[in-house]
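Observations on the model geometry
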Amino acid sequence: MQAIIVKNLTKTYDKGKIQAVDDVSFEVEKGELFGLIGPDGAGKTSIFRMLTTLLLPDKGEASVDGFDIVKDFKKIRNTVGYMPGKFSLYQDLTIEENLNFFATVFNTTVGENYSLIKDIYIQIEKFKKRRAGKLSGGMKQKLALCCALIHKPTTLFLDEPTTGVDPVSRKEFWDMLKRLKEQGITILVSTPYMDEANRCDRIALIQSGKILSIDTPAAIINSFSEKLYAIKANKMYQLLKALELFPKRRNSYAFGEFAHATFDQTIDKAELKRYLEMIGLSQIEIEVIEPTIEDVFIKLLNKHNHAE
Amino acid sequence: MQNNKSDATEKVIVCKDLTKRFGDFIAANEITFDVYKGEIFGFLGANGAGKTTAMRMLCGLSVPSSGHALVAGYDVYKQTEDIKKKIGYMSQKFSLYEDLTILENIEFFGGIYGLTRKEIKEKGRSLIEKLDLQSEAKKLVASLPLGWKQKLSFSVAVLHDPKIVFLDEPTGGVDPITRRQFWDLIYEASARGITIFVTTHYMDEAEYCDRISIMVDGKIEVLDTPSNLKRNFKSTSMDEVFYQLARSAKRSD
Amino acid sequence: MKQFLVFVRKEFYHVLRDKKTLLILFGMPVVQILLFGFALTNEVKDSPIIVVDYARDVASQSIITRLGASQYFKLKRNVLSQKEIIESFRDGKIKAAVVFPDHFNEDLEHMNKAQVQIIADASDPNTATLVTNYVSAIVRDYQSDRTELMAVPYQIIPEVRMLYNPQLLGAPNFVPGVMALVLMLVCVMMTAISIVKEKEMGTMEVLLVSPFQPFLVILSKAIPYIALSLVNLGAILSLSAFLLELPVKGSLLLLIGESTLFIICCLSLGILISIKAKSQQVAMMISLVGMFLPTVLFSGYMFPIENMPLPLQIISNVVPSKWYYIIVKSVMIKGVGFMYIWKETLILIGITTVFLWVSLKSFKIRLE
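Described below are features of the structure shown in this document. Predicted model only: the values in this text are computed from it and were never measured.

1. A closer look at the overall build of chain C
Of the regular secondary structure elements, chain C holds 14 helices and five strands. The buried share of chain C, reckoned over its 368 residues, is 52%. For chain C, long-range pairs separated by at least 24 residues make up 80% of all intrachain contacts whose partners lie at least 6 apart in sequence. Per element, the accessible surface of chain C, about 17,200 Å² overall, is 65% carbon and sulfur.

Below, the structure is given as structure tokens:
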């Protein structure tokens, strides 16, 4: 059964001048961890707000747990959990007070569903008398997740939960999501970080309000049909410039300490190395590598930009 | 070292046992490192590790409790005004005035760094050409997409050809292509001999740096190239390196 | 219901933990009234007054003796001509003049009715009011003593003339003005800001995506501010009663009832602003420019409305604080009952209904 069905959803702002969400369709299976991956301004938050009944779509329809997002908005508000982009907590209330407050708002008590949040809550419990405004990003994130979970939602909407949080907390957060998924909760999560895509069951790559691709992370990586080379040299700037001028180059860009490149034809590593040495680069390493989600995204973006 | 620069011997930041105390709390604890000319230096750490404190001392905004540091050859105790003339600064939170146009921002920031009218005009024109913003030059910065703002604010931060530019969590949330265009600008500045000092807690960004230091609880725990760090920590990504180091951290803000 | 109570409790936490705002809220009226109180009490003792006695009979002499015995006044020489009185005022030598006309005692005996004229220098309105009040009180004392003695109802009518400032803007007018201002501030601005704050923090999003009734969110925000306003009201009233010796002459219950009406009016305005405003700064600006200034300008406690150009006079009619100000002045100072202020009350109810209706109508269950 589908927990979330989105059909041709469209949303514009400023009387149609800004196209935030452009004819988006996707489905999320019950119990699935589904990721919306895309940069700021891609339309992720607008999709979340429509699905959580906070915004009305201009066109298209969508349902959550079988309830229509427009007609049955009250029912959706009863069943889903939502964590907006900024950790929406009361800065002047303590951890404990925030949690109790949100429990009551959702007609429940902390005791009733404690088992669901226990793993997360014990990590911040020793600070329970501390005000939320004085917590670190990671702790705020955990508390916000507890607050979103406290009423045992069927579906969890997490809008950029890892933005502004350090890598340790980020990793812990994804581990928590995995455990929640095992308890049967459907999770729709958005993130601008490509490296987090692998933690999802399925992902949708999104840019300028349009979905570029939907599939499992593995299948999306497989769709990258070209041979991808990782190249390293002593000077990055010159390396990038040299690659741009290489005749058989299709695309090339920096990727961490490497440059990634694709070519029109299979190239000879030795030939490329000679070319780079001729330009004056040294310490050259060239190898063929598995692409990442980010490589696929770059390729799709190039295609998308050319199509326009 | 992989990305040896030809002029890598000139030190632009010399930092020895630099310490900052706030009462009993030691925000930065005897940090020691050197940064070379034209280097892209990653300054990493979790929230509350002391990155911001250290960076403020280096920018001449905060007086150290003890230790020594020279930035662009000037002393962080006595010559803070000289330091400020020789550095550029860009943060994701604030860099440009949203309610001024692109040209007005360039004129303003060029003005406060003491560029002449002529210099501002010339540098401004070439900057706008390079970023392909000709048709936007008279538009408000607020109307630009995030990625363009980032590129523009970096370009403005290096407008006065500083010795060092400090980037405080520069690229968050832009698409991979725009992000690479941003890094292209950084590589170019670095090739021109400008030192880039980047603080971030996004590890994939860290992999773009020549060398990385990681701060944990006020101390610099490691300092090396990304590939050496990954090798030493038997990790495939900087994320894992950082995780191993920061997991033991006791402090958070 | 439990949800609602928890919500209200949370609001109290917000209010009580924001020490700075609390200090301003309670400090402002106290400081204003204290300042005013001290400015007053220093002036009133031993005020120089002159007595002009055209009657020179038993009654007038008796009242003059009483005036002289009072600690409030220092009697100056008897002057006879009107011109000399005015000159004394001009020189600033006296605060008031009491004029007994010819045949004062005779009028009192035969017609059971006589007049005494009290002229005060109202360029200092606070002193002028107090001085005339005290003179009137002494005259009334004499009147009731004599009535008791003779078992005939005598009536002495003090005819009060305020020189230089007939509007008499001052002390008793100040307290109702402060009341209107403070209620406006607490209810409009604080309510608006606290709701917009939830929008800014993103907590409003979470609350909307919950089974909690959206309008209850707003309502529960209003409750602490009602409480706060009433406490503030009590503080102002007791300060004015004990410090300024300006007690509530009319029914306290009526005053509280009318104040509650005004508070509801302000709250609905605050809610309306919070719906329209996107940031705390905007909410603050709208409250200040849209509400605070009109209260100061158009309620009549600083600038007499009668002297304004006609368009401004018309505008002043839609400013709720104008009507509240009139009501408070009537109940508190004149001591009149509901019968005298039903018209103003009705207008206030009308304005409140419109605001409430508009804010209910424009309230959204979604984000835009």
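2. Observations concerning the overall build of chain B
A tally of regular secondary structure across chain B gives nine helices and ten strands. In terms of overall dimensions, chain B is globule-like: its C-alpha atoms have a radius of gyration of 18 Å, near the 18 Å expected for 253 residues. For chain B, with 253 residues in total, the buried portion stands at 58%. The long-range fraction of contacts in chain B, counting pairs at least 24 apart against all pairs at least 6 apart in sequence, stands at 70%.

3. Describing a positive patch on the surface
Residues and elements named next belong to chain C. On the surface, a cluster of positive charge is contributed by Lys199, Lys276, Lys278 and Lys364. Assignment of secondary structure puts Lys199 in helix α7 (residues 171-201). Given a relative accessible area of 32%, Lys199 falls into the partly exposed group.

4. Focus on the nonpolar core
Generally speaking, soluble globular proteins have nonpolar side chains that are buried together. Ranked by internal contacts, the top residues of the largest apolar core, which has 102 residues, are Phe26(A), Leu51(A), Leu145(A) and Leu188(A). Looking at which element gives the most residues to this core, the answer is helix α5 (residues 137-149) of chain A, with eight residues. In terms of nonpolar packing, the next biggest core, distinct from the first, is built from 71 residues, Ile40(B), Val141(B), Val165(B) and Tyr208(B) among them.

5. Brief notes about the pattern of salt bridges
Residue and element names in this part refer to chain B. Here the structure, examined in full by the defined rule, presents 37 salt bridges over all chains. Salt-bridge contacts for Lys16 lead to Asp17; the nearest nitrogen and oxygen are separated by 3.4 Å. Assessed through its relative accessible area of 46%, Lys16 is described here as partly exposed. The class of Asp17 is partly exposed, set by a relative accessible area of 31%. Residues Glu205 and Arg179 are paired through a salt bridge, measuring 3.4 Å at the closest nitrogen-oxygen approach. With Glu205 in helix α7 (residues 203-206) and Arg179 in helix α6 (residues 176-191), this pair connects stretches of sequence that are 26 residues apart.

6. Let's talk about the interface of chain A and chain B
Each partner contributes residues to the interface: chain A has 40 residues there, and chain B has 34 residues. For the pair chain A and chain B, the summed buried surface comes to about 3,000 Å²; carbon and sulfur atoms form 56% of the total. It is Pro167(A), Tyr237(A) and Glu257(A) that lose the most area in chain A upon contact with chain B, and together they represent 19% of the buried surface on that side. In this structure, the connection of chain A to chain B is made through two salt bridges. In this structure, Lys230(B) engages Glu257(A) in a salt bridge whose closest nitrogen and oxygen atoms are separated by 2.8 Å. The interface formed by chain A and chain B holds five residue pairs in polar contact (both at pLDDT 80 or more) in total. At the level of elements, α5, α6 (167-182), α8 (236-245), β12 (249-255) and α10 (293-307) of chain A are the ones that each hand at least two residues to the side of chain A that touches chain B. With six residues, α10(A) is the single largest residue contributor to the side of chain A that touches chain B. A per-class count over the side of chain A that touches chain B returns 19 nonpolar, ten polar and eleven charged.

7. Section: α8(A)
Looking only at α8(A), the buried set comprises Met236(A), Leu239(A), Leu240(A), Ala242(A) and Leu243(A). Buried positions in α8(A), seen along its axis, are confined to an arc of 165° and lie on one side of it. Contacts made by the buried residues of α8(A) are with β11 (228-232), β12, β13 (258-263) and α9 (269-279) of chain A together with α6 of chain B.

8. Brief notes about unusual backbone geometry
All names here are of chain A. One non-glycine residue with positive phi stands out, namely Glu160, at about 45°. Of note, Glu160 is situated in the loop between β7 (155-159) and α6. Taking relative accessible area as the criterion, Glu160 reaches 11% and is therefore assigned buried. Of note, Gln283 is a non-glycine position whose phi angle comes to about 50°, a positive value. Inspection of the secondary structure assignment puts Gln283 in the loop between α9 and β14 (285-289). Take Gln283: its relative accessible area is 41%, and that puts it in the partly exposed class.

9. A look at the packing of α5(A) against α6(A)
All names here are of chain A. One way to put it is that α5 packs onto α6 with a least axis distance of 10 Å and a crossing angle of 20°. Between α5 and α6, the interaxial angle falls into the category roughly parallel. α6 is crossed by α5, and the crossing has right-handed handedness. Along its contact with α5, which presents Gly138, Gln141, Lys142, Leu145 and Leu149, the element α6 presents Ser169, Glu172, Phe173, Met176 and Leu180.

10. Observations regarding the interface of chain A and chain C
With 35 residues of chain A at the contact, the number on the chain C side is 27 residues. The largest per-residue losses of area from chain A upon contact with chain C belong to Leu54(A), Arg77(A) and Tyr90(A), which jointly make up 21% of the total buried on that side. A salt bridge links Arg17(C) to Glu97(A), with the shortest nitrogen-to-oxygen separation between them at 2.8 Å. Among the elements that line the side of chain A that touches chain C, the one with the most residues is helix α3 (residues 95-105) of chain A, at five residues. Residues that form the side of chain A that touches chain C fall into these classes: 18 nonpolar, nine polar and eight charged.

11. Section: the packing of helix α3 (residues 102-112) of chain B against helix α4 (residues 117-130) of chain B
All names here are of chain B. Orientation of α3 relative to α4, taken along the N-to-C sense of each, is 135°, at an axis distance of 10 Å. On the basis of their axis angle, the class for α3 and α4 is oblique. Here the hand of the crossing between α3 and α4 comes out right-handed. Across the interface between the two elements, Ile102, Leu103, Ile106, Glu107, Gly110 and Gly111 from α3 touch Ile120, Gly124, Leu127 and Ile128 from α4. Along the lines of polarity and charge, the residues of the contact of α3 with α4 split into six nonpolar, three polar and one charged.

12. Remarks on the layout of surface pockets
By volume, the second largest pocket is sized at about 1,000 Å³. What lines the second largest pocket is a set of 43 residues, among which Asp195(A), Asp204(B), Glu207(B), Ser237(B) and Asp239(B) lie closest to the centre. Listed by contribution, the elements that provide at least two residues to the lining of the second largest pocket are α6, β13, β14 and α10 of chain A together with α6, α7 and α9 (238-246) of chain B. A breakdown of the residues in the lining of the second largest pocket according to their chemical character gives 17 nonpolar, nine polar and 17 charged. Split by domain, the residues of the lining of the second largest pocket number at least three in each of domain 1 (2-221) and domain 2 (225-290) of chain A.

13. Focus on the pairing of strand β4 (residues 59-64) of chain A
Residue and element names in this part refer to chain A. Two strands pair when backbone bridges link them, and strand β1 (residues 2-13) and β4 are joined in this way by five bridges, in the antiparallel orientation. Counted as the bridge partner of Thr10 is Lys59 from β4. Judged from the two bridges that link them, β4 and strand β5 (residues 67-68) form a sheet pairing that is antiparallel. Directly across from Val64, in β5, lies its bridge partner Phe67.

Cut-offs and rules
- Residues numbered from 1 in each chain as written.
- Chains lettered and ligands numbered in written order.
- Predicted model: local features only at pLDDT ≥ 70, side-chain atom pairs only at ≥ 80, totals over all residues.
- Heavy atoms only, no water.
- Helix = DSSP H or I, 4+ residues; strand = E, 2+ residues; numbered from the N terminus.
- Buried < 20%, exposed > 50% of the residue type's maximum accessible area, 1.4 Å probe, protein only.
- Contact = heavy atoms within 4.5 Å.
- Areas by Shrake-Rupley, 256 points an atom, 1.4 Å probe, with all protein chains shown as cover.
- Rg over C-alpha atoms; globule rule 2.2 N^0.38 Å.
- Patch = residues over 30% accessible without salt bridge, like charges linked within 9 Å, V, L, I, M, F, W, Y side chains within 5 Å.
- Salt bridge = Lys/Arg side-chain N within 4 Å of Asp/Glu carboxyl O.
- Lys, Arg positive; Asp, Glu negative; His and termini not counted.
- Charge placed at Lys NZ, Arg CZ, Asp CG, Glu CD.
- Core = buried A, V, L, I, M, F, W, Y, C linked by side-chain atoms within 4.5 Å.
- Buried area = accessible area lost by both parts, 1.4 Å probe.
- Polar contact = N/O pair within 3.5 Å; in protein donor to acceptor, adjacent residues only side chain to side chain.
- Nonpolar A, V, L, I, M, F, W, Y, C, P; charged D, E, K, R; others polar.
- Arc of directions from axis to C-beta.
- Axes fitted to C-alpha atoms, helices over the stretch in contact; angles between N-to-C directions.
- Parallel < 35°, antiparallel > 145°, perpendicular 65-115°, else oblique.
- Left-handed = near helix turned anticlockwise from the far one by under 90°.
- 1 Å grid on protein atoms, 1.4 Å probe; cavity = no way out; pocket = protein on both sides within 12 Å on 5 of 7 lines; lining within 4 Å.
- Points joined across faces, edges and corners; volume = space filled by probe spheres on them.
- Domains from an automatic or database assignment.
- Pairing = 2+ DSSP bridges.

Function-wise, these values are silent; they only describe arrangement.
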